[in-house]
Amino acid sequence: MDTQHLVKMANQIGDFFESYPDADEASWEITNHLQKFWDPRMRSALLEHIHTHRGEGLKDIVLASIRRHGDKLAPAS
């Protein structure tokens, strides 16, 4: 899976929700979007990128959202 492409797509999602006036709502909506529309393999690859590379390339709003709500993105065990 191309991690850089996932980072780019996650940042595009962040760009959209960054315009929300409520930062907490924006944070939740980013994670909610990833959970609803991304395949579990994509979410796992993004979480692994954050774990191994500290989220290099991700916008601050995206990284903060995933750190705050990332438990919602982990595949069910």
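Residues numbered from 1 in each chain as written. Predicted model: local features only at pLDDT ≥ 70, side-chain atom pairs only at ≥ 80, totals over all residues. Heavy atoms only, no water.

K.L.:
I keep staring at the packing of helix α1 (residues 3-17) against helix α3 (residues 40-53) and nothing clicks. Help me out?
P.N.:
For any two helices packed against each other, one specifies the crossing angle of their axes together with the interaxial distance. Packing of α1 against α3 brings their axes to within 10 Å, and their N-to-C directions diverge by 95°. In terms of axis orientation, α1 runs roughly perpendicular to α3. On the side of α1, the interface is formed by T3, L6, V7, M9 and A10, while α3 contributes M42, A45, L46 and H49. In the contact of α1 with α3, the residues fall into seven nonpolar, two polar and no charged. (Axes fitted to C-alpha atoms, helices over the stretch in contact; angles between N-to-C directions. Helix = DSSP H or I, 4+ residues; strand = E, 2+ residues; numbered from the N terminus. Parallel < 35°, antiparallel > 145°, perpendicular 65-115°, else oblique. Contact = heavy atoms within 4.5 Å. Nonpolar A, V, L, I, M, F, W, Y, C, P; charged D, E, K, R; others polar.)

K.L.:
What exactly am I supposed to notice about the packing of α1 against helix α2 (residues 23-37) here?
P.N.:
At a minimum axis distance of 9 Å, the contact between α1 and α2 shows a crossing angle of 140°. Helix-helix and strand crossings are classified by hand; for α1 and α2 the assignment is right-handed. Of the residues in α2, those touching α1 at I13, G14 and F17 are A26, E29, I30, H33 and L34. (Left-handed = near helix turned anticlockwise from the far one by under 90°.)

K.L.:
How should the packing of aromatic side chains be read in this particular structure?
P.N.:
Remark: the centre distance and the inter-plane angle together describe each pair of aromatic rings, the angle taken between the planes. Tallied over the full model, the rule gives three aromatic pairs. Ring centres of F16 and F17 lie 4.9 Å apart, and the angle between their planes is 90°; this geometry places the pair in the edge-to-face category. Take F16: its relative accessible area is 53%, and that puts it in the exposed class. Three or more aromatic residues joined by ring pairs form one cluster here, namely F16, F17 and Y20. (Phe/Tyr/Trp six-rings, centres within 6.5 Å; stacked < 30°, edge-to-face > 60°. Buried < 20%, exposed > 50% of the residue type's maximum accessible area, 1.4 Å probe, protein only.)

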